[in-house]
Amino acid sequence: MSDTEPMRFSLLGTGDPVDDERLDALYAYPAGLTRPLVRGNVIASLDGGAATDGTSGGLGGPGDRRLFTLLRELADVIVVGAGTARAETYAGAKMTAAQRRRRQARGQSEVPPIALVSRSGVLEPDLPVLTDTEVPPLLLTCTAAASGARARIGPAAEVLDCSRDDPAAVDLGTALAHLGERGLLRVLAEGGPSLLGAFIDGDLLDELCLTAAPMLVGGSAPRVAAGGGAVLTRMRRAHVITDTADYLYLRYTRNA
């Protein structure tokens, strides 16, 4: 299937078609949020690889890109590790006129900011996420790096001190509290593996949207999540969608 052919989604098992309106409803955040809800969005090959040649782009297809765009539109803020922003050449989020209207109708800003997680607080001044963006990103860093980061970055990003007990570490619970204070409750975490692993280790990941790409990559490709610890968090399947290119789109939520 080529990128120019129409992408058709359907519910796995029933074959019921999923049009744009239903897709929006299937991925809508719960109403009445009172705290940040963290949704992870990742893609992996059938043999568990999360990247080819160091990035995830080679695994994607038209349906995955459509869902990627939708999840960004629904989010209040997009959280990503600074290393991933470099590797994937992140720029600011882009919204069409129609997306902006829908976001306004939901009471959201027209464009969601990118929130970069960086313990060092060091960002190259020519990073696209700083230079090619409509809204300045947030930099979620630690106490030890915050003042230096503010001096280096200036108005290009808002620097938030996200330490808790350790001034040399970023505490993701504290980072989420800062986002919540700004009304950014619909949180989309796009990776990379270390950041997603940290959310899992901290019992902070509420949902996981996993695209299963119909390909094998072999080699030593990384997993979607990485970290030093091991946890067992039970999740509940919300839905599984497929498309005409044989991708699977799985959404799991925290087991209530």
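Rules and cut-offs
Residues numbered from 1 in each chain as written. Predicted model: local features only at pLDDT ≥ 70, side-chain atom pairs only at ≥ 80, totals over all residues. Heavy atoms only, no water. Pairing = 2+ DSSP bridges. Helix = DSSP H or I, 4+ residues; strand = E, 2+ residues; numbered from the N terminus. Right-handed = clockwise from strand over helix to strand, strands pointing away. Contact = heavy atoms within 4.5 Å. Axes fitted to C-alpha atoms, helices over the stretch in contact; angles between N-to-C directions. Buried < 20%, exposed > 50% of the residue type's maximum accessible area, 1.4 Å probe, protein only. Arc of directions from axis to C-beta. Nonpolar A, V, L, I, M, F, W, Y, C, P; charged D, E, K, R; others polar. 1 Å grid on protein atoms, 1.4 Å probe; cavity = no way out; pocket = protein on both sides within 12 Å on 5 of 7 lines; lining within 4 Å. Points joined across faces, edges and corners; volume = space filled by probe spheres on them. Phe/Tyr/Trp six-rings, centres within 6.5 Å; stacked < 30°, edge-to-face > 60°. Lys NZ or Arg CZ within 6 Å of the ring centre and 35° of its normal. Disulfide = S-S within 2.5 Å.

(A) Seen up close, the pairing of strand β7 (residues 158-161). As paired elements, strand β6 (residues 138-141) and β7 share four bridges and run parallel to each other. Bridge pairing in β7 links Leu140 to Leu160. Crossover β6 to β7 through helix α6 (residues 143-153) is right-handed.

(B) Spatial organisation of the sheet that holds β6. Here we have eleven strands laid out as an open sheet, ordered β2-β1-β10-β11-β9-β3-β8-β4-β5-β6-β7, and mixed in their pairing. The sheet is open, and its two edges are formed by β2 (17-18) and β7, each paired on a single side. Both strand β3 (residues 37-45) and strand β8 (residues 186-189) contribute to a ladder of four bridges, which runs parallel. Residue Gly40 lies in a different strand from β8, and its bridge partner there is Ala189. Lying on the sheet, helix α2 (residues 62-74) is in contact with β1 (9-11), β3, β4 (77-81), β5 (114-117), β8, β9 (207-213), β10 (235-243) and β11 (248-254); it crosses β3 at an angle near 170 degrees.

(C) Main features of α6. All of the buried residues in α6 are Ala145, Ala146, Ala149 and Ile153. Down the axis of α6, the buried set is contained in an arc of 115 degrees. They therefore lie on one face. Exposed side of α6, more than 90 degrees from the buried face: Ala144, Ser147 and Ala151 are the residues found there. Those residues of α6 hidden inside the fold are in contact with β6 and β7. Once α6 ends, the next one or two residues include Gly154, with phi positive near 65 degrees.

(D) Representation of the packing of α2 against helix α4 (residues 97-105) within the structure. At a minimum axis distance of 10 Å, the contact between α2 and α4 shows a crossing angle of 40 degrees. Judged by residue contacts, Thr69, Arg72, Glu73 and Leu74 of α2 engage Gln99, Arg102 and Arg103 from α4. Across the contact of α2 with α4, the residue classes tally to one nonpolar, two polar and four charged.

(E) Fine view of α4. Considered for burial, the residues of α4 that qualify are Gln99, Arg100 and Arg103. End-on view of α4: buried residues confined to an arc of 100 degrees, all on one side of the axis. Exposed residues pointing more than 90 degrees away from the buried face of α4 are listed as Arg101 and Ala105. Buried residues along α4 sit in contact with α2.

(F) Summary view of the layout of surface pockets. Taken as a whole, the second largest pocket encloses approximately 580 Å³ of empty space. Around the second largest pocket sit 23 residues that line it, and Ile200, Leu205, Leu208, Arg223 and Ala225 are the ones nearest its centre. Broken down by secondary-structure element, the contributors of at least two residues to the lining of the second largest pocket are α8 (193-201), β9 and β11.

(G) Layout of the packing of aromatic side chains. Under the counting rule described, the total for this entry stands at two aromatic pairs. Here Tyr247 and Tyr249 contribute two aromatic rings whose centre-to-centre distance is 6.3 Å and whose plane-to-plane angle is 15 degrees, an arrangement assigned as stacked. By the burial criterion, Tyr247 is buried, and Tyr249 matches it. Three or more aromatic residues link up through ring pairs in this structure, and these residues are Phe9, Tyr247 and Tyr249. It is Arg39 that lies over the ring of Tyr29; its NZ or CZ is 4.1 Å from the centre.

(H) Quick look at the state of the cysteines. For the structure on display, the rule yields zero disulfides. With no disulfide of its own, Cys162 lies 9.3 Å from the sulfur of Cys142, the closest cysteine sulfur.

In short, shape yes, function no, at least from these values alone.
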